[in-house]
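A structural walkthrough
Each chain, written out:
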2 protein chains.
Amino acid sequence: MSPLKIYLALVHFPVVNREGETIASAVTNLDIHDLARIGCTYGAHRCYIVTPLADQQNLVGQIVDHWTRGFGAARNPDRRQAMETLRIVADLDEAIAAVTAREGRRPLRIATSARQDDRRLTMVELREAVAGGRPCLLVFGTASGLADALLDDVDAVLEPIRGAGDYNHLPVRAAAAIILDRLAGTRAG
Amino acid sequence: MSPLKIYLALVHFPVVNREGETIASAVTNLDIHDLARIGCTYGAHRCYIVTPLADQQNLVGQIVDHWTRGFGAARNPDRRQAMETLRIVADLDEAIAAVTAREGRRPLRIATSARQDDRRLTMVELREAVAGGRPCLLVFGTASGLADALLDDVDAVLEPIRGAGDYNHLPVRAAAAIILDRLAGTRAG
(Lines give C-alpha, C1' and ligand atoms only; values in the text may rest on other atoms or scores of the structure.)
Protein backbone atom coordinates (compact mmCIF):
# COMPACT_ATOMS: atom_id res chain seq x y z
CA MET A 1 0.00 0.00 0.00
CA SER A 2 1.39 3.39 -0.89
CA PRO A 3 1.63 5.86 2.01
CA LEU A 4 -1.50 7.93 2.43
CA LYS A 5 -1.24 11.66 1.72
CA ILE A 6 -2.87 12.86 4.90
CA TYR A 7 -2.78 16.42 6.21
CA LEU A 8 -4.44 17.73 9.37
CA ALA A 9 -5.89 21.12 10.21
CA LEU A 10 -6.91 22.20 13.71
CA VAL A 11 -9.27 25.15 13.36
CA HIS A 12 -9.73 27.90 15.98
CA PHE A 13 -11.93 30.06 13.73
CA PRO A 14 -14.69 29.76 12.64
CA VAL A 15 -15.86 27.42 15.40
CA VAL A 16 -18.89 27.52 17.69
CA ASN A 17 -19.17 27.76 21.46
CA ARG A 18 -21.63 25.78 23.59
CA GLU A 19 -24.36 28.28 22.72
CA GLY A 20 -23.79 27.79 19.00
CA GLU A 21 -22.29 31.24 18.48
CA THR A 22 -19.36 31.56 16.08
CA ILE A 23 -16.17 32.41 17.94
CA ALA A 24 -12.39 32.33 17.63
CA SER A 25 -11.16 29.90 20.28
CA ALA A 26 -7.88 30.17 22.17
CA VAL A 27 -5.03 27.90 21.18
CA THR A 28 -4.34 25.12 23.70
CA ASN A 29 -0.75 24.03 24.17
CA LEU A 30 -1.74 20.42 24.67
CA ASP A 31 -3.90 20.26 21.56
CA ILE A 32 -0.92 21.28 19.49
CA HIS A 33 1.36 18.66 21.01
CA ASP A 34 -1.25 15.94 20.82
CA LEU A 35 -2.22 16.60 17.23
CA ALA A 36 1.42 16.65 16.17
CA ARG A 37 2.18 13.37 17.98
CA ILE A 38 -0.97 11.66 16.71
CA GLY A 39 -0.37 12.89 13.17
CA CYS A 40 3.26 11.74 13.29
CA THR A 41 2.16 8.28 14.47
CA TYR A 42 -0.11 7.89 11.46
CA GLY A 43 2.19 9.52 8.91
CA ALA A 44 0.38 12.84 8.46
CA HIS A 45 2.73 15.12 6.52
CA ARG A 46 1.68 18.41 8.08
CA CYS A 47 -0.55 19.66 10.90
CA TYR A 48 -1.88 23.14 10.24
CA ILE A 49 -2.84 25.21 13.26
CA VAL A 50 -5.50 27.61 11.93
CA THR A 51 -6.04 30.91 13.71
CA PRO A 52 -6.47 34.44 12.33
CA LEU A 53 -5.36 36.05 15.62
CA ALA A 54 -1.82 37.44 15.47
CA ASP A 55 -1.12 36.95 19.19
CA GLN A 56 -2.26 33.34 19.00
CA GLN A 57 -0.10 32.76 15.93
CA ASN A 58 2.86 34.18 17.86
CA LEU A 59 2.12 31.91 20.81
CA VAL A 60 2.03 28.82 18.60
CA GLY A 61 5.22 29.98 16.90
CA GLN A 62 7.00 30.20 20.26
CA ILE A 63 5.83 26.73 21.25
CA VAL A 64 6.94 25.24 17.95
CA ASP A 65 10.31 27.01 18.14
CA HIS A 66 10.95 25.73 21.64
CA TRP A 67 10.44 22.14 20.56
CA THR A 68 12.04 22.28 17.13
CA ARG A 69 14.98 24.66 17.68
CA GLY A 70 15.15 25.54 21.36
CA PHE A 71 15.83 23.65 24.57
CA GLY A 72 13.03 21.17 23.97
CA ALA A 73 14.49 20.02 20.67
CA ALA A 74 17.73 18.86 22.26
CA ARG A 75 16.03 17.37 25.28
CA ASN A 76 13.30 15.49 23.42
CA PRO A 77 14.08 14.47 19.81
CA ASP A 78 10.86 12.41 19.57
CA ARG A 79 8.80 15.47 20.34
CA ARG A 80 10.88 17.51 17.92
CA GLN A 81 10.06 15.08 15.10
CA ALA A 82 6.35 15.53 15.75
CA MET A 83 6.46 19.29 16.26
CA GLU A 84 8.31 19.77 12.98
CA THR A 85 5.11 18.83 11.14
CA LEU A 86 3.31 21.90 12.56
CA ARG A 87 2.55 24.95 10.44
CA ILE A 88 0.69 28.12 11.43
CA VAL A 89 -1.88 29.52 9.00
CA ALA A 90 -4.48 32.29 9.17
CA ASP A 91 -7.31 30.37 7.55
CA LEU A 92 -8.18 27.09 5.88
CA ASP A 93 -7.51 28.47 2.38
CA GLU A 94 -3.90 29.06 3.34
CA ALA A 95 -3.60 25.44 4.47
CA ILE A 96 -5.20 24.22 1.25
CA ALA A 97 -2.82 26.35 -0.82
CA ALA A 98 0.16 24.91 1.08
CA VAL A 99 -0.95 21.31 0.52
CA THR A 100 -1.67 22.04 -3.13
CA ALA A 101 1.81 23.50 -3.58
CA ARG A 102 3.39 20.48 -1.88
CA GLU A 103 1.38 17.80 -3.68
CA GLY A 104 0.81 19.51 -7.03
CA ARG A 105 -2.87 18.81 -6.59
CA ARG A 106 -5.69 20.21 -4.50
CA PRO A 107 -6.47 18.04 -1.49
CA LEU A 108 -9.89 16.69 -0.66
CA ARG A 109 -11.18 18.90 2.14
CA ILE A 110 -12.83 16.61 4.69
CA ALA A 111 -14.37 18.26 7.74
CA THR A 112 -15.22 16.40 10.94
CA SER A 113 -18.25 16.96 13.13
CA ALA A 114 -19.93 15.20 16.05
CA ARG A 115 -23.35 16.07 14.62
CA GLN A 116 -25.20 13.52 12.55
CA ASP A 117 -26.59 14.71 9.22
CA ASP A 118 -28.23 13.25 6.13
CA ARG A 119 -25.20 13.46 3.93
CA ARG A 120 -22.01 12.32 5.60
CA LEU A 121 -19.01 10.69 4.00
CA THR A 122 -18.50 7.21 5.45
CA MET A 123 -15.11 6.03 6.64
CA VAL A 124 -15.18 3.37 3.91
CA GLU A 125 -15.68 6.04 1.25
CA LEU A 126 -12.90 8.19 2.70
CA ARG A 127 -10.53 5.24 2.85
CA GLU A 128 -11.19 4.45 -0.80
CA ALA A 129 -10.60 8.07 -1.79
CA VAL A 130 -7.22 8.34 -0.06
CA ALA A 131 -6.11 4.82 -0.97
CA GLY A 132 -6.13 6.00 -4.59
CA GLY A 133 -3.40 8.52 -3.75
CA ARG A 134 -5.60 11.58 -3.43
CA PRO A 135 -4.20 14.10 -0.91
CA CYS A 136 -6.63 14.72 1.92
CA LEU A 137 -6.87 17.55 4.43
CA LEU A 138 -8.75 16.40 7.53
CA VAL A 139 -10.26 19.42 9.27
CA PHE A 140 -10.94 19.37 13.03
CA GLY A 141 -12.70 22.04 15.06
CA THR A 142 -11.81 23.18 18.57
CA ALA A 143 -14.37 24.51 21.13
CA SER A 144 -17.78 22.95 20.30
CA GLY A 145 -16.86 22.22 16.71
CA LEU A 146 -16.58 23.74 13.25
CA ALA A 147 -19.05 26.48 12.30
CA ASP A 148 -21.62 25.81 9.58
CA ALA A 149 -19.93 28.37 7.31
CA LEU A 150 -16.89 26.12 7.20
CA LEU A 151 -18.85 22.84 7.07
CA ASP A 152 -20.67 24.17 4.01
CA ASP A 153 -17.41 25.03 2.26
CA VAL A 154 -15.59 21.67 2.21
CA ASP A 155 -15.82 18.69 -0.13
CA ALA A 156 -17.44 16.46 2.47
CA VAL A 157 -18.13 16.04 6.17
CA LEU A 158 -17.05 12.73 7.71
CA GLU A 159 -19.60 10.63 9.59
CA PRO A 160 -19.41 11.22 13.35
CA ILE A 161 -17.69 8.76 15.67
CA ARG A 162 -20.20 6.62 17.51
CA GLY A 163 -19.19 4.87 20.68
CA ALA A 164 -21.27 2.54 22.81
CA GLY A 165 -24.19 4.90 23.49
CA ASP A 166 -25.50 8.40 22.93
CA TYR A 167 -22.65 10.27 24.58
CA ASN A 168 -20.84 12.17 21.83
CA HIS A 169 -18.55 14.65 23.54
CA LEU A 170 -15.12 13.39 22.61
CA PRO A 171 -12.17 15.75 22.96
CA VAL A 172 -10.93 16.83 19.54
CA ARG A 173 -7.61 15.17 20.40
CA ALA A 174 -9.35 11.83 20.87
CA ALA A 175 -11.48 12.24 17.75
CA ALA A 176 -8.39 12.90 15.64
CA ALA A 177 -6.66 9.81 17.05
CA ILE A 178 -9.66 7.57 16.38
CA ILE A 179 -10.26 8.87 12.86
CA LEU A 180 -6.61 8.46 11.84
CA ASP A 181 -6.56 4.97 13.33
CA ARG A 182 -9.72 4.00 11.48
CA LEU A 183 -8.40 5.54 8.28
CA ALA A 184 -5.07 3.71 8.53
CA GLY A 185 -7.03 0.52 8.92
CA THR A 186 -4.03 -1.42 10.23
CA ARG A 187 -6.09 -2.77 13.09
CA ALA A 188 -6.14 -6.48 13.81
CA GLY A 189 -9.45 -8.25 13.51
CA MET B 1 -24.28 -7.73 21.75
CA SER B 2 -24.31 -7.31 25.51
CA PRO B 3 -22.62 -4.17 26.81
CA LEU B 4 -18.94 -4.69 27.56
CA LYS B 5 -17.85 -4.49 31.19
CA ILE B 6 -14.97 -2.11 30.68
CA TYR B 7 -13.16 -0.20 33.42
CA LEU B 8 -10.22 2.17 33.01
CA ALA B 9 -7.31 2.97 35.29
CA LEU B 10 -4.91 5.87 34.75
CA VAL B 11 -1.77 5.16 36.76
CA HIS B 12 0.56 7.83 38.16
CA PHE B 13 2.65 5.35 40.18
CA PRO B 14 4.54 3.17 39.44
CA VAL B 15 5.43 4.67 36.06
CA VAL B 16 8.78 5.47 34.43
CA ASN B 17 10.28 8.75 33.28
CA ARG B 18 12.23 9.25 30.04
CA GLU B 19 15.33 7.82 31.72
CA GLY B 20 13.49 4.66 32.72
CA GLU B 21 13.46 5.49 36.42
CA THR B 22 10.36 4.63 38.44
CA ILE B 23 8.53 7.77 39.54
CA ALA B 24 5.17 9.07 40.73
CA SER B 25 3.94 11.46 38.04
CA ALA B 26 1.83 14.55 38.66
CA VAL B 27 -1.86 14.41 37.86
CA THR B 28 -2.82 16.39 34.74
CA ASN B 29 -6.22 18.09 34.72
CA LEU B 30 -6.71 17.42 31.04
CA ASP B 31 -5.87 13.72 31.28
CA ILE B 32 -8.65 13.32 33.81
CA HIS B 33 -11.21 15.10 31.67
CA ASP B 34 -10.16 13.32 28.50
CA LEU B 35 -10.15 9.86 30.02
CA ALA B 36 -13.59 10.41 31.54
CA ARG B 37 -15.04 11.70 28.24
CA ILE B 38 -13.44 8.93 26.19
CA GLY B 39 -14.55 6.28 28.67
CA CYS B 40 -18.08 7.67 28.72
CA THR B 41 -18.21 7.58 24.91
CA TYR B 42 -17.37 3.89 24.88
CA GLY B 43 -19.44 2.89 27.89
CA ALA B 44 -16.67 2.40 30.45
CA HIS B 45 -18.32 2.11 33.86
CA ARG B 46 -15.57 3.70 35.94
CA CYS B 47 -12.30 5.53 35.40
CA TYR B 48 -9.91 5.07 38.29
CA ILE B 49 -7.28 7.75 38.84
CA VAL B 50 -4.43 5.94 40.57
CA THR B 51 -2.04 7.93 42.75
CA PRO B 52 -0.63 7.23 46.22
CA LEU B 53 0.09 10.93 46.88
CA ALA B 54 -2.41 12.53 49.25
CA ASP B 55 -2.06 16.04 47.78
CA GLN B 56 -2.64 14.68 44.28
CA GLN B 57 -5.67 12.74 45.48
CA ASN B 58 -7.03 15.95 46.98
CA LEU B 59 -6.42 17.83 43.75
CA VAL B 60 -8.31 15.22 41.71
CA GLY B 61 -11.09 15.27 44.31
CA GLN B 62 -11.48 19.03 43.91
CA ILE B 63 -11.62 18.75 40.14
CA VAL B 64 -14.19 15.98 40.26
CA ASP B 65 -16.29 17.90 42.82
CA HIS B 66 -16.30 21.02 40.68
CA TRP B 67 -17.67 19.15 37.69
CA THR B 68 -20.05 16.79 39.49
CA ARG B 69 -21.43 18.98 42.30
CA GLY B 70 -20.06 22.49 41.88
CA PHE B 71 -20.44 25.25 39.33
CA GLY B 72 -19.24 23.06 36.48
CA ALA B 73 -21.99 20.50 37.02
CA ALA B 74 -24.76 23.04 36.46
CA ARG B 75 -22.99 24.73 33.58
CA ASN B 76 -22.00 21.57 31.70
CA PRO B 77 -24.20 18.49 32.27
CA ASP B 78 -22.38 16.55 29.53
CA ARG B 79 -19.11 16.98 31.34
CA ARG B 80 -20.79 16.07 34.61
CA GLN B 81 -21.97 12.75 33.18
CA ALA B 82 -18.40 11.89 32.20
CA MET B 83 -16.78 13.13 35.41
CA GLU B 84 -19.17 11.06 37.53
CA THR B 85 -17.39 7.93 36.33
CA LEU B 86 -14.14 9.04 38.02
CA ARG B 87 -12.87 7.41 41.21
CA ILE B 88 -9.67 8.16 43.11
CA VAL B 89 -7.63 5.21 44.40
CA ALA B 90 -4.20 4.83 46.01
CA ASP B 91 -3.09 1.83 43.98
CA LEU B 92 -4.22 -0.66 41.37
CA ASP B 93 -5.29 -3.22 43.97
CA GLU B 94 -7.84 -0.74 45.28
CA ALA B 95 -9.27 -0.33 41.78
CA ILE B 96 -9.39 -4.11 41.29
CA ALA B 97 -11.19 -4.52 44.62
CA ALA B 98 -13.75 -1.89 43.63
CA VAL B 99 -14.46 -3.54 40.26
CA THR B 100 -14.67 -6.96 41.93
CA ALA B 101 -17.19 -5.63 44.45
CA ARG B 102 -19.27 -4.05 41.67
CA GLU B 103 -19.21 -7.01 39.29
CA GLY B 104 -19.06 -9.87 41.76
CA ARG B 105 -16.05 -11.15 39.86
CA ARG B 106 -12.41 -10.21 39.52
CA PRO B 107 -11.70 -8.27 36.33
CA LEU B 108 -9.08 -9.21 33.80
CA ARG B 109 -6.19 -6.81 34.41
CA ILE B 110 -4.93 -5.69 31.02
CA ALA B 111 -2.00 -3.29 30.97
CA THR B 112 -1.07 -1.17 27.97
CA SER B 113 2.44 -0.36 26.80
CA ALA B 114 4.05 1.19 23.73
CA ARG B 115 6.90 -1.33 23.93
CA GLN B 116 6.80 -4.44 21.80
CA ASP B 117 7.43 -7.73 23.57
CA ASP B 118 7.30 -11.45 22.83
CA ARG B 119 4.11 -12.10 24.69
CA ARG B 120 1.42 -9.52 24.09
CA LEU B 121 -2.32 -10.01 24.08
CA THR B 122 -3.74 -9.20 20.66
CA MET B 123 -6.77 -6.97 20.23
CA VAL B 124 -8.65 -9.95 18.78
CA GLU B 125 -7.95 -12.00 21.90
CA LEU B 126 -8.99 -9.13 24.18
CA ARG B 127 -12.19 -8.59 22.23
CA GLU B 128 -13.09 -12.27 22.56
CA ALA B 129 -12.42 -12.19 26.30
CA VAL B 130 -14.64 -9.20 27.00
CA ALA B 131 -17.35 -10.24 24.51
CA GLY B 132 -17.94 -13.22 26.77
CA GLY B 133 -18.97 -10.86 29.57
CA ARG B 134 -15.73 -10.89 31.52
CA PRO B 135 -15.11 -7.58 33.33
CA CYS B 136 -11.91 -5.95 32.18
CA LEU B 137 -9.74 -3.27 33.77
CA LEU B 138 -7.65 -1.52 31.12
CA VAL B 139 -4.57 0.00 32.74
CA PHE B 140 -2.86 3.04 31.22
CA GLY B 141 0.39 4.65 32.37
CA THR B 142 1.19 8.36 32.45
CA ALA B 143 4.71 9.81 31.98
CA SER B 144 6.73 7.38 29.82
CA GLY B 145 4.54 4.42 30.67
CA LEU B 146 3.86 1.74 33.29
CA ALA B 147 6.81 0.42 35.29
CA ASP B 148 7.90 -3.19 34.84
CA ALA B 149 6.82 -4.02 38.40
CA LEU B 150 3.24 -3.31 37.37
CA LEU B 151 3.52 -4.85 33.89
CA ASP B 152 4.70 -8.08 35.56
CA ASP B 153 1.71 -8.11 37.91
CA VAL B 154 -1.26 -8.05 35.50
CA ASP B 155 -3.01 -10.80 33.58
CA ALA B 156 -1.74 -9.59 30.21
CA VAL B 157 -0.19 -6.67 28.37
CA LEU B 158 -2.00 -5.51 25.25
CA GLU B 159 -0.12 -5.30 21.96
CA PRO B 160 1.13 -1.76 21.27
CA ILE B 161 -0.64 0.52 18.82
CA ARG B 162 1.17 0.69 15.52
CA GLY B 163 0.55 3.58 13.21
CA ALA B 164 2.03 4.16 9.77
CA GLY B 165 5.71 3.99 10.72
CA ASP B 166 8.12 3.64 13.61
CA TYR B 167 6.97 6.67 15.59
CA ASN B 168 5.37 5.35 18.77
CA HIS B 169 4.95 8.30 21.09
CA LEU B 170 1.20 8.65 21.35
CA PRO B 171 -0.23 10.64 24.25
CA VAL B 172 -1.90 8.33 26.77
CA ARG B 173 -5.17 10.15 26.00
CA ALA B 174 -4.92 9.19 22.35
CA ALA B 175 -3.88 5.61 23.11
CA ALA B 176 -6.91 5.16 25.37
CA ALA B 177 -9.24 6.50 22.67
CA ILE B 178 -7.80 4.24 19.98
CA ILE B 179 -7.82 1.12 22.16
CA LEU B 180 -11.44 1.64 23.25
CA ASP B 181 -12.48 2.30 19.66
CA ARG B 182 -10.72 -0.84 18.45
CA LEU B 183 -12.22 -2.83 21.30
CA ALA B 184 -15.74 -1.60 20.62
CA GLY B 185 -15.25 -2.68 17.04
CA THR B 186 -18.21 -0.65 15.79
CA ARG B 187 -16.13 0.75 12.98
CA ALA B 188 -17.39 0.65 9.43
CA GLY B 189 -15.36 -1.34 6.95
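As a convention, each chain's residues are numbered from 1 in the sequence order in which they are written. Labels follow written order: the first chain is A, the first ligand is 1, and so on. The model is predicted, so local features are restricted to residues of pLDDT at least 70 and side-chain atom pairs to those at 80 or more, both for listing and for counting; the totals for chains, interfaces and linings are taken over all residues. Each side-chain value is worked out from all heavy atoms of the structure, with water and hydrogens disregarded.

Our next topic: unusual backbone geometry. Across the chain, the bulk of peptide bonds are trans and the bulk of non-glycine residues have phi less than zero. Residue and element names in this part refer to chain A. With omega at 0 degrees, the peptide bond leading from Phe13 into Pro14 counts as cis. Helix and strand assignments follow DSSP, with helices taken as H or I runs no shorter than four residues and strands as E runs no shorter than two, numbered in order from the N terminus. The residue Pro14 is located in the loop between β1 (6–11) and β2 (15–16) in this model. A positive phi angle, close to 50 degrees, is found at Ala143, a residue other than glycine. Inspection of the secondary structure puts Ala143 in the loop between β7 (136–141) and α7 (148–151).

Another point: the environment of Ala147(A). All names here are of chain A. Mapped onto the secondary structure, Ala147 falls in the loop between β7 and α7. In sequence terms Ala147 and Ser113 are 34 residues apart; their C-alpha atoms lie 9.6 Å from each other. Among all residues touching Ala147, those that are not within four sequence positions of it are Pro14, Val15, Val16 and Thr22. Residue contacts follow a heavy-atom distance rule, with two residues in contact if any of their heavy atoms lie within 4.5 Å.

This part is about the side chain of Arg173(B). Here Arg173(B) lies in helix α8 (residues 172–184). Excluding anything up to four places from it in sequence, Arg173(B) contacts Leu30(A), Asp34(A), Arg37(A), Arg173(A), Leu30(B), Asp31(B), Asp34(B) and Ile38(B).

On average, residues of chain A carry a pLDDT of 94, and 97% of them reach 70 or more. Interface confidence in the predicted complex, given as ipTM, is 0.94; pTM for the same model is 0.95. Values of pLDDT, ranging from 0 to 100, describe the predictor's confidence in every residue of the model.

Let's shift gears to the packing of aromatic side chains. Each Phe, Tyr or Trp ring, with Trp reduced to its six-membered ring, pairs with another whose centre is within 6.5 Å; inter-plane angles below 30 degrees give stacked pairs, above 60 give edge-to-face pairs, and intermediate values give tilted ones. Counted by the stated rule, this structure contains zero aromatic pairs over all chains. Directly above the ring of Trp67(A) sits Arg79(A), whose terminal nitrogen or CZ lies 5.6 Å from the centroid. A ring is considered to have a charge above it if a Lys NZ or an Arg CZ atom is located within 6 Å of its centre and within 35 degrees of its normal.

Further remarks concern the relation of the copies chain B and chain A. The fit set for superposing copies consists of C-alpha atoms from residues with pLDDT of at least 70 in both; the fit itself is least squares. The two copies are related by a screw motion: chain B maps onto chain A through a turn of 180 degrees and a shift of 0.0 Å along the axis, at an RMSD of 0.0 Å. The relationship between the two copies is best expressed as a two-fold rotation axis. Here 100% of the interface residues in chain B have copies in chain A that are interface residues too; the copies meet face to matching face.

So, about the interface of chain B and chain A. The extent of an interface is frequently quoted as the accessible surface area lost upon association of the parts. In this assembly, 38 residues from chain B lie in contact with 38 residues from chain A. Once two parts are joined, some of their accessible surface, as seen by a 1.4 Å probe, is lost; buried area is that loss totalled over both. Between chain B and chain A, the buried area comes to about 3400 Å², and carbon and sulfur atoms account for 52% of it. The largest per-residue losses of area from chain B upon contact with chain A belong to Arg18(B), Thr41(B) and Tyr167(B), which jointly make up 21% of the total buried on that side. The partner of Arg182(B) in a salt bridge is Asp181(A), and the shortest N-O contact between them spans 2.7 Å. Residues are grouped as follows: Ala, Val, Leu, Ile, Met, Phe, Trp, Tyr, Cys and Pro are nonpolar; Asp, Glu, Lys and Arg are charged; every other residue, Gly included, is polar. Partitioning the side of chain B that touches chain A into residue classes produces 16 nonpolar, nine polar and 13 charged. Whenever a carboxyl oxygen of Asp or Glu lies within 4 Å of a side-chain nitrogen of Lys or Arg, that contact is scored as a salt bridge.

So, on to the pairing of strand β7 (residues 136–141) of chain B. Residue and element names in this part refer to chain B. Exposure classes here rest on a 1.4 Å probe applied to the protein chains alone. A residue is buried below 20% of its type maximum, exposed above 50%, and partly exposed in between. Of all six residues in β7, six are buried; the element is thus mostly enclosed. Of the two faces of β7, the one lined by Cys136, Leu138 and Phe140 and the one lined by Leu137, Val139 and Gly141 are each fully buried. Two strands are counted as paired when DSSP detects at least two bridges linking them. The sheet contact formed by strand β1 (residues 6–11) and β7 spans six bridges and is parallel. Within β7, the position partnered with Leu10 by the bridge is Phe140. Note that strand β6 (residues 108–112) and β7 share four bridges and pair parallel. Across the sheet, residue Ala111 finds its bridge partner in β7, namely Val139. The definition of a right-handed crossover adopted here requires that, viewed with the strands pointing away, the path from the first strand over the helix to the second runs clockwise. Read from β6 through helix α6 (residues 123–131) to β7, the crossover connection turns out right-handed.

Our next topic: the nonpolar core. Note on terminology: a nonpolar core comprises buried Ala, Val, Leu, Ile, Met, Phe, Trp, Tyr and Cys residues joined through side-chain atoms within 4.5 Å. Judged by nonpolar contacts, the single largest core of 90 residues is most densely connected at Ile6(A), Leu126(A), Leu138(A), Ile6(B), Leu126(B) and Leu138(B). In contact with Ile6(B), not counting residues within four places along its chain, are Gly43(B), Ala44(B), His45(B), Arg46(B), Val130(B), Cys136(B), Leu138(B), Leu180(B) and Leu183(B).

The next point concerns the sheet that holds β7(B). All names here are of chain B. Strands sit in the order β5-β4-β1-β7-β6-β8 across an open sheet of six strands; the sheet is parallel. Edge strands, defined here as strands with exactly one partner in the open sheet, are β5 (86–89) and β8 (156–158). On average, adjacent strands in this sheet sit at an angle of 30 degrees to one another, irrespective of strand direction. Pairing analysis gives four bridges linking strand β4 (residues 46–50) to β5, with the strands arranged parallel. Across the sheet, the residue bridging to Ile49 is Ile88, located in β5. Convention adopted: a line fitted to C-alpha atoms gives each axis, helices being fitted over their contacting stretch, and angles between N-to-C directions are expressed from 0 to 180 degrees. The strands that helix α1 (residues 29–41) touches are β1, β4 and β5; relative to β1, the one it contacts most, it runs at about 170 degrees.

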